[in-house]
Amino acid sequence: MNKLIFTALLLVMLAIAAPARAANICDFNAPLKELKRVQSGAQNEDKELSLRKDILKSILDCLGSETDKLTASLSTPGTGQDSEDIRKGLLADILEARSDLEDRRGEIDLLTMEESKTMAQELLAWRKKFYLPLKERVTAFLLWVNADDLLGKAGRRISQIQGLTRNLRFLGGDDVQTSLDRANLYFHRAKLVSFRVKFTI
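Residues numbered from 1 in each chain as written. Predicted model: local features only at pLDDT ≥ 70, side-chain atom pairs only at ≥ 80, totals over all residues. Heavy atoms only, no water.

Novice: For this particular structure, what's the right way to read the overall build of the chain?
Specialist: Helix and strand counts for the chain stand at six helices and zero strands. Helices and strands appear in the chain in the N-to-C order α-α-α-α-α-α. Relative to its 201 residues, the chain shows a buried fraction of 34%. Working note: accessible area of the chain is about 12,100 Å², and carbon and sulfur atoms make up 55% of it. (Helix = DSSP H or I, 4+ residues; strand = E, 2+ residues; numbered from the N terminus. Buried < 20%, exposed > 50% of the residue type's maximum accessible area, 1.4 Å probe, protein only. Areas by Shrake-Rupley, 256 points an atom, 1.4 Å probe, with all protein chains shown as cover.)

What follows is the structure, encoded as structure tokens:
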């Protein structure tokens, strides 16, 4: 069962880190094949344990690279106090994640066979319960910030058009007013959605 868990962790990392393979940071194909070869041959626990440790280090390097990408995506300061406060909160959570990964990496050289299997389970759980939700929050934040910026521009544009529309109504431009009313309705609906997204971050 522990072998299956360790293999599952590798397969998960292979799936989520495909874009980073070009730099060989998250490419586990070769070590996975080697681990299977060692496990299928004569018992050599020292070799298997050494290989497991190397793989765990590579997995932590990969996860570290992913957290660094999250940090880079938040490099631009927020346009308002709300967005800046959320951005700083996300960066603090990413820093905590990075620190946790570094602590785990420092433990690897002293692991026994069973402890290496336990760490594989813990990394699977860590990714599911901490990293993926954090990544989703960062993604939601970036979407919200971009949408908020677009909504601000749209609001200013609608305000500009309203003055022109009032003049057109005197010239029989009721259709224009109807279109503007519809645009206003969609605009306020979009603002409501953006407001709700903010509180999911």
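What follows picks up the thread again.
Novice: Mind showing me how you'd approach the environment of Gly78 here?
Specialist: By secondary structure assignment, the location of Gly78 is in the loop between helix H3 (45-73) and helix H4 (81-107). Residues Gly78 and Val145, 67 residues apart in the sequence, show an inter-C-alpha distance of 7.8 Å.

Novice: So what exactly am I meant to see when it comes to the nonpolar core here?
Specialist: When a protein is soluble and globular, its nonpolar side chains tend to lie buried together. Counting residues in each nonpolar core, the largest one holds 30 residues, and the members touching the most others are Leu56, Leu90, Leu123, Leu134, Val138 and Phe141. If you list the elements that add at least two residues to this core, you get helix H2 (29-40), H3, H4 and helix H5 (113-169). When residues in this core are grouped by element, the largest group, ten residues, is from H5. (Core = buried A, V, L, I, M, F, W, Y, C linked by side-chain atoms within 4.5 Å.)

Novice: I keep staring at H2 and nothing clicks. Help me out?
Specialist: Every α-helix winds through 3.6 residues per turn, so residues three or four apart in the chain are directed the same way. With twelve residues, H2 ought to run about 16 Å at 1.5 Å a step, and its terminal C-alpha atoms sit 17 Å apart, in line with that. Along H2, the residues that are buried comprise Leu32, Leu35, Val38 and Gln39. For H2, the buried positions fall inside an angular range of 125° around the axis, keeping them on one side. Pointing more than 90 degrees away from the buried face of H2 are the exposed residues Ala30, Lys33 and Ser40. (Expected span 1.5 Å × (residues − 1). Arc of directions from axis to C-beta.)

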